[in-house]
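# Notes for the structure review
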Amino acid sequence: MSNVRTRFCPSPTGLPHVGLVRTCLFSWGYARAKGGEFVFRIEDTDAARDTEDSYNQLVEALSWLGMGWDEGPDIGGPHAPYRQSQRSDIYADVVKRLVEGGYAYEAFSTNEEVEARHKAAGRDPKLGYDNFDRDLTEAQKQAFRDEGRRPVYRMRMPDADITFVDAVRGEVTTPAGTVPDYVIARADGSPLYTLTNPVDDALMKVNMVTRGEDLMSSTPRQIVMWRALIELGLAEEVPEYAHLPLIVDERGKKMSKRDPRSDLLKYKLEGYLPEGVLNYVATLGWSIAADRDVFTVAEFLEAFDLHDVKSNPARFDEKKFDAICASHFRMVPADELTELLVPELQRRELLDGEPNEAERHVLDVAVPLVQERCTTLAQAAEMLRFLFCGTEVELDETSAKKTFKDDAAQVLDASIAALEGAEWTTGAIEEALKAALVDGMGLKPRKAFGPVRVAISGKTVSPPLYESMELLGKEVSLARLRAARATL
């Protein structure tokens, strides 16, 4: 293959979803792995559905994931414009040349006429277009025009098998006569996807087309269009195709675009790290090794090849997704994670602005403690909340109900008494509480420290207790213990 050129050409409708981003990732990854170019193009000819908001959300998602492009609507390039809505003149000229070359023709038949001909021949009336208008004479065409009819434009399919080699599935053959002549432009001249997509790929010199398995039935049409464009001098070669496997849910059904787990911006909002999300999406149909799921972007780009993508459906596994994202969360250096967490804490009004010296100290100590327990920035910020909310902490109702029972009052009384005279270091706090609760009251550690943990952090799950109490300080810690005791 000559210099690799791939593309991503979504329609700006709805929210960016996992399947869409997987297509982009594999196309981008292949171009980057092969030292080629990656083109971002917008297919926005459906005015009723396309929106600028969807376009902006798509750009936001791709930028968050770190996937940049070499040519596109925002940066231009040698094959501009990169929005189909701005390429109407190009499509009109191609249609004209296809008709003049005999590759396409005017078709006047109505749907009712096609069905009637099928019925008259004893065929299923829903078989679709019957290629009737292929050989209309000029007189017949003029007669239809005189009736006020306006033709659509159809591409002439060959009377031979159509074979291509797919990067994922190997050799694929569509038998002759399987695909009828198809419409490339409406009666008003407006082009359809069947024309615009391969024409743009040809003129932008794309030579690897990455798309979903669900579009495979349209590939024979594209192959025929490519062959015509080559003969017309508008294309150099038929590109290689890579049809990616379906992404399915736990029931084995195609994952819906409206499935909440498919929404990429939701993961951004919830504070997942883009490296983890990108890593997981890359595993939907491809693997870096049989015994390895976690890898960096650099490792992905070094190893990825579209020819290694598997053809069987890829199941979206929430547990695996979270496990991979948690691994990436733990891989971030603590100082970098702290900087990522500051905006999350500010959004929750736990920090007024940039952290002061005391707040910075709390973060420096606490972030490594929560890092091992979290998957997202949102989770970490919430786990840190109790360290930034003063003497009063909101008690989680479920945690309090689960923990504040039996001898919880006595546990808190003993804890307060033991801590009032203790030095305020992690080691001294641990020693005082163990002496009072484990040795003094004979309690097992889990039962002994549960009420203390909830009183201090508000929840049953928190960063390590003794370190957290040292960070809070003696006054705040004792105030929280007394406040919790007052509720019993």
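What you see is a predicted model, and the numbers here were worked out from it, not measured in a lab.

### Concerning a positive patch on the surface
Together, K402, K405, R446 and K447 line one region of the surface with positive charge. Here K447 lies in helix α18 (residues 445-457).

### Side note on helix α20 (residues 474-486)
The end-to-end C-alpha distance of α20, which contains 13 residues, comes to 18 Å, matching closely the 18 Å that a straight helix rising 1.5 Å per residue would cover. Summarising the contacts, the buried residues of α20 are in contact with α16 (408-420), α18 and α19 (465-472).

### Concerning the state of the cysteines
Overall, the coordinates contain 0 disulfides when judged by the stated rule. Free of any disulfide, C9 has its nearest cysteine sulfur in C24, 10 Å distant. With no disulfide of its own, C325 lies 13 Å from the sulfur of C374, the closest cysteine sulfur.

### Some details on the environment of G427
Mapped onto the secondary structure, G427 falls in helix α17 (residues 426-439). Distance from G427 to A228, taken between C-alpha atoms, is 79 Å for residues 199 residues apart in sequence.

### Overview of the layout of surface pockets
Here the largest pocket is characterised by a volume of approximately 1,100 Å³. Along the walls of the largest pocket sit 41 residues, with H17, L20, D214, L215 and K257 positioned nearest its centre. The biggest single contributor to the lining of the largest pocket is helix α1 (residues 18-33), with 4 residues. Grouping the amino acids of the lining of the largest pocket by side-chain chemistry returns 14 nonpolar, 14 polar and 13 charged. One number sums up the size of the second largest pocket: a volume of about 420 Å³. As for the second largest pocket, its lining consists of 17 residues, and the residues nearest its centre are T403, R446, K447, G450 and P451.

### Side note on the packing of aromatic side chains
Given two aromatic rings, their pairing is described by the distance between the two centres and the angle made by the two planes. Inspection of the entire model under this criterion finds 18 aromatic pairs. Relative to W69, the ring of F40 has its centre 4.4 Å away and its plane inclined at 50°; by these criteria the two rings are tilted. Note that F40 is positioned in strand β2 (residues 37-40) and W69 in the loop between α2 (52-65) and α3 (88-100), a separation of 29 residues in sequence. The exposure class assigned to F40 is buried, which follows from its relative accessible area of 0%. Taken together, a centroid distance of 6.5 Å and an interplanar angle of 15° make the contact between F295 and F300 stacked. Each member of the pair, F295 together with F300, is buried. Through a chain of ring-to-ring contacts, three or more aromatic side chains come together here, namely F26, W286, F295, F300 and F304. The ring of Y55 has R83 lying over it, and the distance from NZ or CZ to the ring centre is 4.5 Å.

### Details of helix α11 (residues 318-331)
If you check α11, its first and last C-alpha atoms are 20 Å apart, about what 14 residues at 1.5 Å a residue would give, namely 20 Å. Here the buried face of α11 lies against α8 (264-269), α9 (274-282), α12 (334-347), α13 (357-371) and α14 (377-384). The backbone nitrogen of K319 has a side-chain oxygen 3.0 Å away, supplied by the residue at the start of α11, namely D317.

Procedures and definitions
- Throughout this description, residue numbers start from 1 for each chain and increase along the sequence as written.
- With pLDDT at 70 or above as the cut-off, local features in this predicted model cover only qualifying residues; side-chain atom pairs require 80 or more to be listed or tallied, and sums for whole chains, interfaces and linings still use all residues.
- With hydrogens and water set aside, each side-chain value is computed from the structure's full complement of heavy atoms.
- Residues enter patches when their relative accessible area tops 30% and they take part in no salt bridge; the joining distance is 9 Å for like charges and 5 Å for the nonpolar side chains Val, Leu, Ile, Met, Phe, Trp and Tyr.
- What sets the accessible areas is the Shrake-Rupley method with a 1.4 Å probe; for residues, cover comes only from the shown protein chains.
- Salt bridges are defined by distance alone: a side-chain nitrogen of Lys or Arg within 4 Å of a carboxyl oxygen of Asp or Glu.
- In this tally, Lys and Arg are treated as positive and Asp and Glu as negative; His is ignored, and so are the chain termini.
- All charge positions are set by atom: Lys at NZ, Arg at CZ, Asp at CG, Glu at CD.
- Helix and strand definitions here come from DSSP, where helices need a minimum of 4 consecutive H or I residues and strands a minimum of 2 consecutive E residues; each element is numbered from the N-terminal end.
- A helix's residues, less one, multiplied by 1.5 Å, set its expected span.
- By definition in these notes, contact holds between two residues if any of their heavy atoms fall within 4.5 Å.
- The definition used for a disulfide is geometric: two cysteine sulfur atoms within 2.5 Å.
- Think of a 1 Å grid over just the protein atoms. A cavity is a set of points where a 1.4 Å probe fits yet cannot get out, a pocket is an open set with protein on both sides within 12 Å along at least five of seven lines, and lining residues have an atom within 4 Å of a point.
- Grid points are joined across faces, edges and corners, and a volume is the space filled by probe spheres set on the points.
- For this scheme, ten residues count as nonpolar: Ala, Val, Leu, Ile, Met, Phe, Trp, Tyr, Cys and Pro. Four count as charged, namely Asp, Glu, Lys and Arg, and the remainder, Gly too, count as polar.
- Any two rings among Phe, Tyr and Trp, with Trp reduced to its six-membered ring, count as a pair given centres within 6.5 Å; such a pair is stacked if its planes are under 30 degrees apart, edge-to-face if over 60, and tilted if neither.
- For each residue, the accessible area found with a 1.4 Å probe, counting protein chains only, is set against the maximum for its type, and the residue is called buried under 20%, exposed over 50%, and partly exposed in between.
- Two conditions define a charge sitting above a ring: the NZ of Lys or the CZ of Arg must be within 6 Å of the ring centre, and it must be within 35 degrees of the ring normal.
- Each polar contact in these results corresponds to two N or O atoms within 3.5 Å; when the atoms are within protein, one needs to be able to donate a hydrogen and the other to accept it, and residues that are neighboring in sequence are counted only if both atoms are side-chain atoms.

Geometry only, nothing functional implied.
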